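# Survey of secondary and tertiary structure
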Amino acid sequence: MALIKCPNCGHEISDKAIQCPHCGKEPKKPRRKKKIKHKFLIIGIIILGVIGTFIAYVGFHEIDQTQMTNKDKIEKADELMGEKVVNNNLNCSPALEKFLKDVSLFGYNGEFGFNMTEEVEDNKINCMIWSTSYKVNEEDVTKIVKGLSKLYGNYYANNIEYMDIKNGYQWQNLENYSWIVCGMNENKKEIEIYWIK
């Protein structure tokens, strides 16, 4: 028990007293210092908010394709080249995974996929594939080849066969790729582009 002064008459009274025995007034109870607890609570909430915002932005921020060039989109997908595949799963953010499933290149909608050629070690991706998501014709292949030629220069060879592509076009010895093949998948009637590291 501590003694405090009555704020009304100034006599010393117990801090537990309900009223002053000298003047009969109720003493005001001293406030407890809760400010420190509030400061830690506020700082904690701010820190959690910043961390949550960062995680949401990095992990779920959608990739806006509207301002991206064809080259930008290819480079974005290329971020996974060299990554290790574990249990047939790619290690990428949900935003990148969504982006890869719906990518417009050269005016055609399609999606990216990844593969490993026979020479690859350690299950690392060294082959990137983009294919249209609907049937196309040879005229569409010609338009995409023109677009690829703007990015990579004139093709090295045509009428090549690769996988299910017949009469395909090939670029080789490029800065970032050993070669690129583009053509019509004869079985699916879709355009496919392969980038090989």
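Please refer to the structure placed before this passage.
The model shown is predicted, which means the values in this text are computed figures rather than measured ones.

About the cut-offs
Residues numbered from 1 in each chain as written. Predicted model: local features only at pLDDT ≥ 70, side-chain atom pairs only at ≥ 80, totals over all residues. Heavy atoms only, no water. Core = buried A, V, L, I, M, F, W, Y, C linked by side-chain atoms within 4.5 Å. Buried < 20%, exposed > 50% of the residue type's maximum accessible area, 1.4 Å probe, protein only. Contact = heavy atoms within 4.5 Å. Patch = residues over 30% accessible without salt bridge, like charges linked within 9 Å, V, L, I, M, F, W, Y side chains within 5 Å. Areas by Shrake-Rupley, 256 points an atom, 1.4 Å probe, with all protein chains shown as cover. Salt bridge = Lys/Arg side-chain N within 4 Å of Asp/Glu carboxyl O. Helix = DSSP H or I, 4+ residues; strand = E, 2+ residues; numbered from the N terminus. Axes fitted to C-alpha atoms, helices over the stretch in contact; angles between N-to-C directions. Parallel < 35°, antiparallel > 145°, perpendicular 65-115°, else oblique. Left-handed = near helix turned anticlockwise from the far one by under 90°. Nonpolar A, V, L, I, M, F, W, Y, C, P; charged D, E, K, R; others polar.

## Overview of the nonpolar core
Side chains of a nonpolar character, in soluble globular proteins, are inclined to be buried together. Grouped together as the largest cluster of nonpolar side chains are 34 residues, with contacts concentrated most on Phe112, Met128, Trp130, Ile144, Ile193 and Trp195. Among residues more than four places away in sequence, those in contact with Met128 are Ile74, Ala77, Asp78, Met81, Phe112, Gly113, Phe114, Tyr177, Ile193, Tyr194 and Trp195. If you look at the next biggest cluster of nonpolar residues, it comprises 9 residues, including Ile160, Val181, Tyr194 and Ile196.

## Some thoughts on a nonpolar patch on the surface
There is a patch of nonpolar side chains on the surface, built from Ile42, Ile46 and Val50 and spanning about 300 Å² of accessible area. Looking at where Val50 falls in the secondary structure, it is placed in helix α1 (residues 35–60). Take Val50: its relative accessible area is 54%, and that puts it in the exposed class.

## A short note on the packing of helix α2 (residues 70–78) against helix α3 (residues 94–101)
Close contact between α2 and α3 brings their axes to 11 Å; oriented N to C, the two are set at 125 degrees. Judged on the interaxial angle alone, α3 and α2 are oblique. Between α2 and α3 the crossing geometry is left-handed. Together, Lys73, Lys76 and Ala77 of α2 and Leu96, Phe99 and Leu100 of α3 make up the contact between the two elements. Taken together, the residues of the contact of α2 with α3 sort by class into 4 nonpolar, no polar and 2 charged.

Scope: geometric values only; no functional claims are made or implied.
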